[in-house]
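Structural features, examined
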Amino acid sequence: PEEPRFTADNQLIRPEGYREWIFVGASLGMTYKQDGEAPGHPTFHNVYLNPQAYQEYKKTGKFPERTILVMEVLTPATQVSINRQGQFGDRPLGVEAAVKDSSRFPETWAYFDFIQGGKKPFPGADTAKAFPKERCWACHVEHGQTDNVFTQFYPVLRRAAKAAAPK
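Here we summarise the structure given alongside this text. What you are looking at is a predicted structure, and each value in this text was computed from that prediction instead of being measured. (Residues numbered from 1 in each chain as written. Predicted model: local features only at pLDDT ≥ 70, side-chain atom pairs only at ≥ 80, totals over all residues. Heavy atoms only, no water.)

Take the side chain of threonine 43 next. Tracing the sequence through the fold places threonine 43 in the loop between β2 (22-28) and β3 (44-49). A residue is classified by how much of its surface remains accessible, and threonine 43, at 19% relative accessible area, is buried. There is a polar contact of 3.0 Å between the side chain of threonine 43 and the side chain of histidine 45. Filtering out sequence-adjacent residues up to four positions away, threonine 43 remains in contact with Ser27, Leu28, Gly29, Val73, Leu74, Pro76 and Leu93. (Helix = DSSP H or I, 4+ residues; strand = E, 2+ residues; numbered from the N terminus. Buried < 20%, exposed > 50% of the residue type's maximum accessible area, 1.4 Å probe, protein only. Polar contact = N/O pair within 3.5 Å; in protein donor to acceptor, adjacent residues only side chain to side chain. Contact = heavy atoms within 4.5 Å.)

What follows is the structure, encoded as C-alpha cells:
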C-alpha cells in the first residue's frame, strides 16, 4: 500500500514497497548538530515519496493529506571489490518516516523511527509511535522549505515545485 497504515493504538506500520516510490534525493552525513558534534560514521539517507503525493505535489506544489516520506538509512562503505575511492550505501540500518495526516495528528505532520529493532533481512521495528512534538516537528516547521518538508535538499521536489508554480 502507498498510504500510511496504522495499528489500533495509532502506531505507524512500517511502509513496504517504498523503493518503488519516487526517489527524491540522497544525502551523506547530514546532521542537525553544531560543528564538531558530527557523528564519526556518517550514514547515507535515501528519501522516497509515495507516488500519489508526488503527483499532487507536481500539480499544486503542496503535499496532500496522507503523504508519506520514507528515509532509508544505510552505512557507508568503500574499498570493496574494484572500488578504491569514494563511498556507497552499504548495510541497511532501517527506515524513518514522516506522515501528513491532520485527522490523526494535531500538528498535521508526525515523524517515526523504525531503526530500533531487528527484523531481518532489513533491520528495524514493524511499527513505531510518533515522536513527541518537540523531537522533530519544531525543527521541520522552522526549517522545512515547503510544508514541514526539507525540499531544499531534494532536487526532484525543487524541480517539481518550479513546474507547479503559477506562470
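With that settled, the discussion passes to the pattern of salt bridges. Scanning the model with the defined rule gives 5 salt bridges in all. Glutamate 3 is the partner of arginine 66 in a salt bridge, and the nearest nitrogen-oxygen pair spans 3.2 Å. Of the two residues, arginine 66 sits in the loop between α1 (51-60) and β4 (68-77) while glutamate 3 sits in the segment before β1 (12-13), which places them 63 residues apart along the sequence. Measuring nitrogen to oxygen at the nearest pair gives 2.4 Å for the salt bridge that ties arginine 19 to glutamate 72. One end of the pair, arginine 19, is in the loop between β1 and β2; the other, glutamate 72, is in strand β4, with 53 residues separating them in the sequence. For glutamate 72, a relative accessible area of 3% gives the class buried. (Salt bridge = Lys/Arg side-chain N within 4 Å of Asp/Glu carboxyl O.)

On to the packing of aromatic side chains, then. Summed over all chains, the structure comprises 7 aromatic pairs. Centre to centre, the rings of tyrosine 57 and phenylalanine 63 are 4.4 Å apart; their planes meet at 20 degrees, and the pair counts as stacked. Members of the aromatic cluster, joined through ring pairs, are Phe6, Phe105 and Phe112. (Phe/Tyr/Trp six-rings, centres within 6.5 Å; stacked < 30°, edge-to-face > 60°.)

The phi angle of most residues is negative, glycine excepted, and most peptide bonds adopt the trans form. One non-glycine residue with positive phi stands out, namely arginine 66, at about 75 degrees. Phi is positive for threonine 108, which is not a glycine, with a value near 80 degrees. Along the chain, threonine 108 falls in the loop between β5 (88-100) and β6 (109-113). With a relative accessible area of 22%, threonine 108 lands in the partly exposed category.

Let's shift gears to helix α2 (residues 133-143). Three or four residues apart is the spacing at which side chains of an α-helix point the same way, because the helix has 3.6 residues per turn. Buried residues of α2: Cys136, Trp137 and His140, and no others. Looking straight down α2, one finds that the buried residues subtend no more than 90 degrees of arc, so they occupy a single side. Every exposed residue of α2 that faces more than 90 degrees away from the buried side is listed here: Glu134 and Glu142. On its buried face, α2 sits against β6. (Arc of directions from axis to C-beta.)

All right, on to the nonpolar core then. The biggest cluster of nonpolar side chains holds 20 residues, and the ones touching the most others in it are Val24, Leu49, Phe63, Leu69, Trp109 and Leu157. Every element with two or more residues in this core is listed here: β3, α1, β4, β6, α2 and α3 (155-164). Discounting residues that sit within four places of it in the chain, tryptophan 109 has contacts with Phe63, Thr67, Leu69, Ala98, Val99, Lys100, Trp137, Asp147, Asn148 and Val149. If you look at the next biggest cluster of nonpolar residues, it comprises 15 residues, including Leu12, Tyr18, Tyr48 and Val99. (Core = buried A, V, L, I, M, F, W, Y, C linked by side-chain atoms within 4.5 Å.)

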